[in-house]
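# Breakdown of the fold
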Amino acid sequence: MKTEELNLTIDELDILCRLYMDSKLSVLEEKELEYLLSQTSLTSPAVREVRSLMLIGESKLYSSKPAKTKKLVNWKLFSGIAASIAILVSVAFNLVSPRDSRQPDGQSSVYVAAYSNGVRLDGLEAVNATNIAMAKADSLMKYASLTEHDYLMKANDIISQTLNN
């Protein structure tokens, strides 16, 4: 993408961000949006949300070449090892001591976030939207299973008829 192509308005950038959050962009378009967001100074709530989803940090913004520091690489290595050890310890702890995922008030401790038309849903709206999507997926899987079963039965009938003739 060339620099001349970066002349977008904040409204156009918001539309692209909403399309990204609704998973309506191709992989190439997502990469171009990531490049665009790392090169532009325009900001809005949707732009900030997509930047955080794409893990575009403030240090990556407006930079044309990466910073070269040898000490930073060693620090990254050390912090990566420390994070890996922390993850392993927490996973081992959770496997050794299983707990009920319900809190005392009966609420689940699982956080659910969903998007509808580029707008983030939280709380009960997100749970309801997720439940609806899961019900649709279950329905589709049942339909696919029944269709597969029907075609297998038809194929077995055809095979048995040709063997009997």
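Above this text is the structure in question.
For the structure given in this document, a descriptive report is provided here.

Basis of the calculations
Residue numbering note: each chain is counted from 1, following its sequence as written. Reporting in this predicted model follows two pLDDT cut-offs: at least 70 for local features of residues, and 80 or more for side-chain atom pairs to be given and counted; totals over whole chains, interfaces and linings ignore these cut-offs and use all residues. Values shown for side chains rest on all heavy atoms present in the structure; no hydrogens or waters enter the calculation. The secondary structure listing takes helices from DSSP runs of H or I that are at least 4 residues long and strands from runs of E that are at least 2 residues long, numbered from the N terminus. Each residue gets one of three labels from its accessible area relative to the maximum for its type: buried under 20%, exposed over 50%, partly exposed in between, using a 1.4 Å probe on protein chains only. A helix is expected to span 1.5 Å for every residue after the first. By the convention used here, residues are in contact when the closest approach between their heavy atoms is within 4.5 Å. Nonpolar side chains (Val, Leu, Ile, Met, Phe, Trp, Tyr) within 5 Å and like charges within 9 Å form the patches, drawn only from residues with over 30% relative accessible area and no salt bridge. Accessible surface is estimated by sampling points in the Shrake-Rupley manner with a 1.4 Å probe; for residues, cover comes only from the protein chains shown. The working definition used for a salt bridge is a side-chain nitrogen of Lys or Arg within 4 Å of a carboxyl oxygen of Asp or Glu. For this analysis, a nonpolar core means a set of buried residues of the types Ala, Val, Leu, Ile, Met, Phe, Trp, Tyr and Cys, connected via side-chain atoms within 4.5 Å. By construction, the arc corresponds to the directions joining the helix axis to the C-beta atoms.

What follows covers unusual backbone geometry. A positive phi angle, close to 60°, is found at S23, a residue other than glycine. Along the chain, the position of S23 falls in the loop between α1 (10–21) and α2 (27–39). For S23, a relative accessible area of 61% corresponds to the exposed category. Even without being glycine, N117 reaches a positive phi, approximately 55°. With respect to the helices and strands, N117 occurs in the loop between β1 (114–116) and β2 (119–121).

Another aspect to go through is α2. Across its 13 residues, α2 extends 19 Å between first and last C-alpha, which sits within 8% of the 18 Å expected from 1.5 Å per residue. Elements in contact with the buried residues of α2: α1 and α3 (45–53).

Right, let's talk about a nonpolar patch on the surface for a bit. A contiguous nonpolar surface patch, about 390 Å² in accessible area, is contributed by L77, I81, I85 and V89. Its location among the elements puts I81 in helix α4 (residues 70–96).

Bringing the nonpolar core into the picture now. By size, the foremost hydrophobic cluster in this structure holds 13 residues, and its most contacted members are L13, C17, Y20, L33, L37, V50 and M54. Those elements that place two or more of their residues in this core are α1, α2 and α3. Tallying contributions element by element places α1 first for this core, with four residues. Once residues lying within four places of it in the same chain are set aside, the contact partners of Y20 are L25, E30, L33, V50, L53 and M54.

So, about α1. Spanning twelve residues, α1 covers 16 Å between terminal C-alpha atoms, matching the ideal 16 Å at 1.5 Å per step. Buried within α1 we find L13, D14, C17, Y20 and M21. End-on view of α1: buried residues confined to an arc of 120°, all on one side of the axis. Summarising the contacts, the buried residues of α1 are in contact with α2, α3 and β1. Where α1 terminates, the next one or two residues include S23, which has phi positive at roughly 60°.

Keep in mind these values describe shape, not function.
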